[in-house]
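Listed below are the residues making up each chain.
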Amino acid sequence: MNEEEKFDSQNSLEPNTSVESGLDKAQTALLVEDRAADLVATDTVPTEESVPLDANAKTLSPGMLVLKRFFRSKLSIVGLTMIILLFLFSFLGPVIFNNWGEIQRDESGKEEIVTSVITVTNPDGTESEVVQVTVTQLKINSLAPPSLKHWLGTDKEGQDVFTRCMYGGRISLLISLIVVFLETILGVILGGLAGYFGKWVDQVIMRIVDIFSCVPTFPLLLLAGSLIDSLGVDGSMRIYYLMAILTLLGWAGTARIVRGQILYLREQEYMTAAEAMGLGTWRKIFRHLIPNVMPQLIVSMTLGLGSTILYEASLSYLNLGVKAPYAAWGTMINIITTDVSVLQNNVWVWAPPGILIILAVLAFNFIGDGLRDALDPRMKR
Amino acid sequence: MFKYIVKRILLAILILLGVSLIIYTLVRLMPTDYVDGKFQSQVSQGTITVEQLQEIKALYGLSDNSFWGIIKGYFQWLGNLCRGRLGTSFKYRQPVAQVISQNMWTSFLIAFVAIIFEFLIAIPLGVTAATHQYGTRDYVVTVLTMIGISLPSFFFAAMLIKIFAVDLGWFPIQGMADASNTGGGGLTYFFDNIYHLILPIVTLVVINIGSLMRYTRTNTLEVLNADYIRTARAKGLKESKVIYKHAFRNTMIPLVTLLAGILPTLFSGAMIVEQVFSLPGIGNLAYQAMMEGDIPFVMGYNMFLAVLSVLGTLLSDIMYVVVDPRVKLA
């Protein structure tokens, strides 16, 4: 074989190898999703005595590597534990502690005792002080401090704060999960199209993304909140409108990430190979490109969960999100905007939901940060 | 450079057009009787007459609700916008532009002081976290960062009020000045203002410092991995010289561009913090206006915010080229 022939044969081999590496990449990303399945696989492997070399090698699949790196960080474990506990608290909690309902008032009554000192002038001209005690019988047991009956006390409407925290978690967590899911779908489709087709498609989509990222998000959310008010939407339907608005104002970031990644991946050799194999556009985008964007996407989704909770809570706090009698964590804090005495004297009404918001957002941020480090192939620790 | 700036400005105009379309659509989605309902009490009190209300609505093209009426209303509003006429606020009964320009300085003052503290605290902490990567200091900074990012501003502000204003009584609960202080000016008034602004500024600093610290840390890490740092170390320079002379300057590049991008947005007002502390800033005014259906003010304010953020991106992109000679314009 002379030099030229050798060169040729090497060249002809190249597309083949790149196809393989391309598939490998796609599988790597998919493995990340299949964390649960991976865990089961490794649990069974070490129990067998004569493990073939291949099986040993398999325990360090890219997915496993990511998992290993994820669990090495203490903060990610803390975050994961916190989020599991919060989900149990919100979704299983109301089933176990069902003494009080979400909007059930404690109508056991309450005596409100007001004492005041009154100065009375006696017939002989001297003055003496009389303590006047007024006892008012209230119908509902409102603003009761924490006790065995109400673990975190009751709010102004006489509703159990502990119970409402659990129901509030359901709404807040669900809203953020659904919103981030929808945002991702919208972002992946639009970002994918922009990145893959380029040219005018890219131009049009990216200008729309530009517009949406320059929009003042929070004021527009407020505007949208008062728009829902003015349309007279029913309380239970309101949540769906909220989700739609949060999604519409939030997808631009995801689209930008996806587009940036795809622009880079599109030029990779394995895509040329996919082209050469005559794969369809749809298949190329969704089987070969999107899976490779997944690492970044998963990280931005987890971090997005936290920020969506914050947006929803802020909206509800200003009474433009979820409205009473429905409980959301932000809604439960709303009372301090209208009643300063609750802010000053009844911490148990507004502090627990606030702490829960912090915990939830913190947990998502810890997990997102851990995933970012774990998924970054350049990180060697 | 000139060509680049012109291109960017044209793009900015396109973006602003899009934003204006979104804002107008949202406002027009409101039912027609919404404004009437909101102003019912004012009309019945006689502070505003029905004719005045109709006149105002006609001015914004809010009275005609046919398809072409809406289109016409949009261009009418856009035309006024281009001529700098933001209209008259329903609530404050003053031209919107005037309300904004009078009150944005309060917001700017608070935000500006806060941003100075943020940079002063975040940069040293971010750099130490990066130079001691994976050490205790790094962990502490990371956790602090995370907590800062995760705090809901309204809740943190409420906690501060409860602890430091109500329980300890160190600071006033709300407002910009004592009721007894009628604003005669002078030093006492000034110090009273500062005294009232301490809690809001602390809130802003704690809420915003996290992302800045993380940004500094990431940038410093990136710089520390660069080849010229290895060269500096290979030359046998002292570690302090490597970090503070060679690395630090390059760390500052993205921070300066970030600062340029933030500067215009300091005028936009921190809506929630101002609302909790009831400060007379632009954010709180906008919130009140929004609650009362003051459509001209809300539309004007949102456009104002969009202009600020477009200006911010433009400034930071230009600064990027100015500060870093390695960057070539596309």
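Residues numbered from 1 in each chain as written. Chains lettered and ligands numbered in written order. Predicted model: local features only at pLDDT ≥ 70, side-chain atom pairs only at ≥ 80, totals over all residues. Heavy atoms only, no water.

Once that is clear, we can look at the overall build of chain A. In terms of regular secondary structure, chain A is built from 15 helices and two strands. Taking the intrachain contacts of chain A between residues at least 6 apart in sequence as the baseline, contacts between residues at least 24 apart amount to 71%. With an accessible surface of roughly 19600 Å², chain A has 61% of that area assigned to carbon and sulfur atoms. (Helix = DSSP H or I, 4+ residues; strand = E, 2+ residues; numbered from the N terminus. Contact = heavy atoms within 4.5 Å. Areas by Shrake-Rupley, 256 points an atom, 1.4 Å probe, with all protein chains shown as cover.)

Turning to the overall build of chain B, a few remarks are in order. A count of helices and strands for chain B gives 14 helices and zero strands. In chain B, which comprises 330 residues, the share counted as buried stands at 47%. Summarising the internal contacts of chain B: among those between residues at least 6 apart in sequence, 72% fall at separations of at least 24. Total accessible area on chain B stands at roughly 16200 Å², and carbon and sulfur atoms take up 66% of it. (Buried < 20%, exposed > 50% of the residue type's maximum accessible area, 1.4 Å probe, protein only.)

To continue, consider helix H10 (residues 269-276) of chain A. Residues and elements named next belong to chain A. Along H10, the positions that sit buried rather than exposed are Tyr 270, Met 271, Ala 273 and Ala 274. For H10, the buried positions fall inside an angular range of 155° around the axis, keeping them on one side. Those residues of H10 that are exposed and aimed more than 90 degrees away from the buried face are Glu 269, Glu 275 and Ala 276. Directly beyond the C-terminal end of H10, a positive phi value near 75° is found at Gly 278. (Arc of directions from axis to C-beta.)

What follows covers the pattern of salt bridges. Scanning all chains against the criterion turns up 11 salt bridges over all chains. With a shortest N-O distance of 2.8 Å, Asp 138 of chain B and Arg 217 of chain B are connected by a salt bridge. You can see Asp 138 of chain B sitting in helix H7 (residues 136-150) and its partner Arg 217 of chain B sitting in helix H9 (residues 186-224), a full 79 residues away along the chain. For Asp 138 of chain B, a relative accessible area of 4% translates into the label buried. What emerges from the salt-bridge pattern is a single network uniting Arg 207, Asp 210 and Arg 256 of chain A. (Salt bridge = Lys/Arg side-chain N within 4 Å of Asp/Glu carboxyl O.)

So, about the packing of helix H6 (residues 161-197) of chain A against helix H11 (residues 281-317) of chain A. Residues and elements named next belong to chain A. The geometry of H6 relative to H11 is characterised by a closest axis approach of 8 Å and an angle of 145° between their N-to-C directions. In this structure, H6 crosses over H11, and the sense of that crossing is right-handed. Classifying every residue of the contact of H6 with H11 gives 16 nonpolar, six polar and two charged. (Axes fitted to C-alpha atoms, helices over the stretch in contact; angles between N-to-C directions. Left-handed = near helix turned anticlockwise from the far one by under 90°. Nonpolar A, V, L, I, M, F, W, Y, C, P; charged D, E, K, R; others polar.)

Moving on, we get to the environment of Ile 123 of chain B. All names here are of chain B. Relative to the assigned elements, Ile 123 resides in helix H6 (residues 96-131). Looking at Ile 123, the relative accessible area reads 11%, which means it is buried. Dropping the residues within four chain positions of it, Ile 123 is found in contact with Glu 118, Thr 216, Phe 248, Met 252 and Leu 255.

Here the focus is the interface of chain B and chain A. The interface of chain B with chain A comprises 46 residues on the first partner and 46 residues on the second. Of the roughly 4100 Å² buried at the junction of chain B and chain A (both faces included), carbon and sulfur atoms supply 79%. The interface formed by chain B and chain A includes one salt bridge. Asp 369 of chain A is the salt-bridge partner of Arg 214 of chain B, the closest N and O atoms lying 2.8 Å from each other. The interface formed by chain B and chain A includes four residue pairs in polar contact (both at pLDDT 80 or more). For the side of chain B that touches chain A, the elements supplying multiple residues, two or more each, are helix H1 (2-28), H7, helix H8 (153-167), helix H12 (271-276), helix H13 (282-291) and helix H14 (295-323) of chain B. (Buried area = accessible area lost by both parts, 1.4 Å probe. Polar contact = N/O pair within 3.5 Å; in protein donor to acceptor, adjacent residues only side chain to side chain.)

What follows covers unusual backbone geometry. Residues other than glycine seldom take positive phi values, yet Asn 319 of chain A does so here, at roughly 65°. For Asn 319 of chain A, the location among the structural elements is in the loop between H11 and helix H12 (329-333). For Asn 319 of chain A, a relative accessible area of 32% gives the class partly exposed. Residue Ser 278 of chain B is not a glycine yet carries a positive backbone phi of 35°. Of note, Ser 278 of chain B is situated in the loop between H12 and H13. A relative accessible area of 32% means that Ser 278 of chain B is categorised as partly exposed.

To continue, consider the side chain of Ser 76 of chain A. Looking at where Ser 76 of chain A falls in the secondary structure, it is placed in helix H5 (residues 74-96). Leaving out residues up to four positions away in the same chain, Ser 76 of chain A has contacts with Phe 70, Phe 366, Ile 367 and Gly 370 of chain A.

This part is about the packing of helix H11 (residues 239-265) of chain B against H14 of chain B. All names here are of chain B. It is the contact of H11 with H14, at a shortest axis distance of 7 Å, that shows an interaxial angle of 155°. On the basis of the axis angle, H11 is roughly antiparallel to H14. H14 is crossed by H11, and the crossing has right-handed handedness. For the pair H11 and H14, the contacting residues are Ile 253, Val 256, Thr 257, Ala 260, Gly 261, Pro 264 and Thr 265 in the first and Leu 308, Ser 309, Leu 311, Gly 312, Leu 315, Ser 316, Met 319, Tyr 320 and Val 323 in the second. Residues that form the contact of H11 with H14 fall into these classes: 10 nonpolar, six polar and no charged. (Parallel < 35°, antiparallel > 145°, perpendicular 65-115°, else oblique.)

Let us look at the confidence of the model for chain B. Caution applies to low-pLDDT parts of the model: their predicted coordinates are not meant to be read in detail. Looking at chain B, the pLDDT average stands at 80 and 85% of residues meet or exceed 70. Listed scores for the predicted complex are pTM 0.79 and ipTM 0.83. (pLDDT = per-residue confidence, 0-100.)

If you look at soluble globular proteins, the nonpolar side chains tend to sit buried side by side. Leu 222 and Ile 357 of chain A together with Phe 154 and Phe 297 of chain B are the most contacted members of the largest nonpolar core, which has 173 residues in total. Setting aside residues up to four positions removed in sequence, Ile 357 of chain A forms contacts with Ile 309, Leu 310, Ala 313, Trp 329, Gly 330 and Ile 333 of chain A together with Pro 152 and Phe 154 of chain B. (Core = buried A, V, L, I, M, F, W, Y, C linked by side-chain atoms within 4.5 Å.)

A few words on the packing of aromatic side chains. Residue and element names in this part refer to chain A. Applying the stated criterion to the full structure yields 16 aromatic pairs over all chains. For the pair Phe 89 and Phe 162, a centre-to-centre distance of 5.7 Å together with 75° between the ring planes defines the contact as edge-to-face. Of this pair, Phe 89 sits in helix H5 while Phe 162 sits in helix H6, placing them 73 residues apart in sequence. By relative accessible area, Phe 89 is classed as partly exposed at 22%. (Phe/Tyr/Trp six-rings, centres within 6.5 Å; stacked < 30°, edge-to-face > 60°.)

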